[in-house]
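Architecture at a glance
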Amino acid sequence: MTAKAMPFPKGEFQEEEDPQEHLLFDPRPREEMNQMVMESMRSTTGPFWVVVGILTLLVLVCLVGAWVYMALTGMGVAGVRRPTYWGMFIANFVFWIGISHAGTFVSAILRVFKADFRRPFTRAAELMTAFGLVVAGMYPLIHLGRVWVAYWIIPYPNSRWLWPNLRSPLTWDMIAIFTYLLSSTLYLYLPLIPDVAMARDHSNGWRYRLYRLMALGWRGTEAEWHRLRTAIQIFAFAIIPVMFSVHTIVSWDFAVTKTPGWHSTIFGPFFVVGAIYSGVSAVVMILFLIRTTLANMKYFVREEHFDALGKLILVFSFTWTYFYFSEYILAWYGGDLSDQYVWDALTKGPYAWLWYTMLICNIAIPWLTLWNKRIRRSPAMMFAIGFIVNLGMYIERYLIVPGMISRNRFPFTWDEYTPRIELVISVGSLSLFLLLYVLASRLIPLIPVWEVHEGQTAHTLRRIGKTVVPTKSEIE
Amino acid sequence: MVDKAKWGMVIDLDRCNGCTVCVTACSMENNIAHVGEADAGYGRSMQWIRIERYWEGEYPNIVSRFMPVMCQQCGNAPCEPVCPVYASYHSEAEQLNVQIYNRCVGTRYCGNNCPYIVRQFNWFDYAKDMPEPLNYQFNPDVTVRRRGIMEKCTFCIQRIRRAEEAAEAQGREVRDGDVQPACAQACPSEAIVFGLLADPNSQVSHLARNARAQRLLLEELGTEPRVIYLKSERGTKR
């Protein structure tokens, strides 16, 4: 490791503010941080178990129960009907895939670009990726008419030599999601190794046995660190194209069809931008919950992090708006009557109230609030904005999936759609995500202590004459 | 029209009076489920043919137009490539778009990608609720579909198969007029004509050369449909 001290870049740091407000300029001893993280994991109060109990109940009733009931009676208990063959299940699928993009984006892209503000919350975001994918991966199965033969989509040798259709975007989807789940889990696990080793050294009983297993005998030698850093670096670069490809492929489920509204070449990048937009907003929501409910987290998750993520959300809001209206302009300019039917249904038809709500949530509110530093630095406000953006992005997915296919080239067949059991299962799947997250927050260190420590060693305040100059060393 | 087409159908929109006998005959022949009042009201009634009704003009100078729409047996069908398990696939021998019921997993992707909106989904096990004597009306040549799968018009492929087997037994090729699907057989005004499009002397080929056969339905999508509509000139000035 070579270190080279450089002045902190201008702009990232305002003159008037106290440098100690930044986590990386407010170092604490490594052992103290270890203890803080361990304490946050060990503290399980009464309300915690109440929350876990309620979530478990919701998962069992609303997800498992409703799904089994639907599989036994038939897809008819859902609200889908001709011509809206895909409904809220697929909208949920796209939404959760979008949520799962945040982890990789925040962690891998910001790591590659050496954005130091990412350090305390990479793990929180990566956990969102893993659990978001678990929930998202369930939805194509929930939505199947005959879920008990879902394995026919997997290529496996069989006596009839029947293989899945590799021309079908659903087969691509299956492959892409498996790849992403596998690589993002590995990417979550690699930076976790030094932290579970730390947890192993600070615990006993069943926790000790669990962490000893997970730490793979990590001792923290120079050679181990070298290999780990190399592996993380390789993974950070390799997972970025995987992340972009996953949501592009999900968008091809729609873009490849001849359905008016879906048949659009812009869908690939548009979906990726939308995914990152909603995903980063979800990271903000999760960070707020971590900060308010977990012990000692106010030290690690600070206002500066909400500030930085707020800027990201604003940029992605601009990009998303550009893509959304590009699609609209192309439909208008193309002059295809069937596209016109779709957009009329969204802007003036039965979906107009949803469409305008979406514009307010995704454009008006972020654009009017996030320019303001005071709002960006207020965790509660950022939580509210994150929620509103996610609501807007959910509506966007809803309008794309059941909204657009309710209109087609035969006005005689037009029909809207009302969700029925979809609502129950959606609540169940949200509970599953929260339950997994709540349990994980007590099982693995949510803060990558070694990364924070590394950042704190690289950032120092140097006194030159009367002024204090923040400096940053390059870590290679 | 594509050279590869084998079977074809001509629908004369001037002759169709919207009586829906074809729909009924099709339901009987192909064991199509009766979904019951509640589901039919919710827009889940299953018919392989739908009669689209359009009113033109203002009362009292009003013209009603009917258009029966069924699976167009596309030569280049949008439903085929999207199926992950090949349940919807192209029969090269018959040049028909066929649906393999026991292979279908129920993604309903084909239903979304069909530009004609003619694919039907079995939302429940409708056949199970059929009371005792009524189940004797099921056609033994056709699968009774269970829940969770897609289905659509097959051009009565069971009748095509039977005619081909009979022709083979007599040591000849199948001829025009050997096969009639249930809808064409039932149509009282002979608006639906079915036959060998591959044979230039068949009745369908003859009708397909009619001046009123101007365009195929959604021809611009490149789906190569095998159903030819003869334009309605009723109520218009000749």
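This report concerns the structure included in the present document. (Residues numbered from 1 in each chain as written. Chains lettered and ligands numbered in written order. Predicted model: local features only at pLDDT ≥ 70, side-chain atom pairs only at ≥ 80, totals over all residues. Heavy atoms only, no water.)

**Some remarks on helix α5 (residues 157-169) of chain B**
All names here are of chain B. The end-to-end C-alpha separation of α5 is 18 Å, in line with the 18 Å expected for 13 residues at 1.5 Å each. Here α5 has its buried residues at Ile157, Gln158, Ile160, Ala163, Glu164 and Ala167. The inward-facing, buried residues of α5 contact β1 (7-12), α1 (21-29), β5 (96-99) and β8 (192-196). A positive backbone phi angle near 70° is found at Gly171, which sits one or two residues after α5. (Helix = DSSP H or I, 4+ residues; strand = E, 2+ residues; numbered from the N terminus. Expected span 1.5 Å × (residues − 1). Buried < 20%, exposed > 50% of the residue type's maximum accessible area, 1.4 Å probe, protein only. Contact = heavy atoms within 4.5 Å.)

**Re the layout of surface pockets**
By rolling a water-sized probe across the atoms, one finds the places where empty space is left. In this structure, the largest pocket spans a volume of roughly 800 Å³. Lining of the largest pocket is provided by 26 residues; of these, B:Leu13, B:Tyr54, B:Met67, B:Arg215 and B:Leu217 occupy positions nearest its centre. (1 Å grid on protein atoms, 1.4 Å probe; cavity = no way out; pocket = protein on both sides within 12 Å on 5 of 7 lines; lining within 4 Å. Points joined across faces, edges and corners; volume = space filled by probe spheres on them.)

**So, the nonpolar core**
If you look at the biggest cluster of nonpolar residues, it comprises 220 residues, and the most contacted ones within it are A:Met70, A:Phe300 and A:Tyr437. With residues up to four places along the chain from it excluded, the contact list for A:Phe300 reads A:Leu23, A:Met33, A:Met36, A:Val37, A:Pro120, A:His305, A:Ile447 and A:Val452. Core analysis: the next-biggest nonpolar cluster, separate from the first, contains ten residues, B:Ala5, B:Val204, B:Ala208 and B:Ile228 among them. (Core = buried A, V, L, I, M, F, W, Y, C linked by side-chain atoms within 4.5 Å.)

**Topic: the pairing of β1(B)**
All names here are of chain B. β1 sits mainly inside the fold: six of its six residues count as buried. Burial of β1 is two-sided: the residues Trp7, Met9 and Ile11 facing one way and the residues Gly8, Val10 and Asp12 facing the other way are all buried. Bridge analysis of β1 against β8 gives five bridges, and the strand direction is antiparallel. By the bridge assignment for β8, Met9 is matched with Phe194. Relative to strand β9 (residues 227-230), β1 runs parallel, the two sharing four bridges. What sits directly across from Val10, in β9, is Ile228. (Pairing = 2+ DSSP bridges.)

**Focus on the packing of aromatic side chains**
All names here are of chain A. Enumeration according to the criterion identifies 45 aromatic pairs over all chains in this entry. A centroid spacing of 5.7 Å and a plane angle of 40° characterise the contact between Phe254 and Phe271, whose relative ring orientation is tilted. Here Phe254 is found in helix α8 (residues 222-255), whereas its partner Phe271 is found in helix α9 (residues 267-293), with 17 residues between them in sequence. Exposure remark for Phe254: the relative accessible area of 0% places this residue in the buried category. (Phe/Tyr/Trp six-rings, centres within 6.5 Å; stacked < 30°, edge-to-face > 60°.)

**Some remarks on the sheet that holds β8(B)**
All names here are of chain B. Here three strands make up an open sheet; going across it, the order is β8-β1-β9 and the pairing mixed. Because the sheet does not close on itself, it has two edges, and the strands there are β8 and β9. Across the sheet, the mean angle from the axis of one strand to that of its neighbour is 20°, orientation sign disregarded. (Axes fitted to C-alpha atoms, helices over the stretch in contact; angles between N-to-C directions.)

**Side note on the interface of chain A and chain B**
Taken together, the contact between chain A and chain B spans 49 residues of the former and 48 residues of the latter. When the two sides are added together, the surface that chain A and chain B hide from each other amounts to roughly 4200 Å², 55% of it contributed by carbon and sulfur. The three residues of chain A that bury the most area against chain B are A:Arg82, A:Tyr85 and A:Phe410, which together make up 19% of that side's buried surface. Put simply, chain A and chain B have 31 residue pairs in polar contact (both at pLDDT 80 or more) between them. For the side of chain A that touches chain B, the secondary-structure elements that each account for two or more residues are α2 (46-73), α5 (169-189) and α8 of chain A. (Buried area = accessible area lost by both parts, 1.4 Å probe. Polar contact = N/O pair within 3.5 Å; in protein donor to acceptor, adjacent residues only side chain to side chain.)

**Comments concerning the packing of helix α3 (residues 88-112) of chain A against α5(A)**
Residue and element names in this part refer to chain A. Taken N-terminus to C-terminus, the directions of α3 and α5 make an angle of 40°; their axes are 12 Å apart at the nearest point. It follows that α3 is oblique to α5 by the angle criterion. By crossing handedness, the relation of α3 to α5 is classed as left-handed. Every residue of α5 that contacts α3 at Phe93, Ile97, Ser100, His101, Thr104, Ser107, Ala108 and Arg111 is listed here: Asp173, Ile177, Tyr180 and Tyr187. By residue class, the composition of the contact of α3 with α5 is six nonpolar, four polar and two charged. (Parallel < 35°, antiparallel > 145°, perpendicular 65-115°, else oblique. Left-handed = near helix turned anticlockwise from the far one by under 90°. Nonpolar A, V, L, I, M, F, W, Y, C, P; charged D, E, K, R; others polar.)

**Some thoughts on the state of the cysteines**
Residues and elements named next belong to chain B. By the definition in use, this model includes zero disulfides over all chains. You can see Cys19 has no disulfide; the closest cysteine sulfur is in Cys187, sitting 6.1 Å from it. The exposure class assigned to Cys19 is partly exposed, which follows from its relative accessible area of 36%. Note on Cys110: no disulfide assigned, nearest cysteine sulfur contributed by Cys79 at a separation of 6.3 Å. Of the residues examined, Cys110 reaches a relative accessible area of 8% and is grouped as buried. (Disulfide = S-S within 2.5 Å.)

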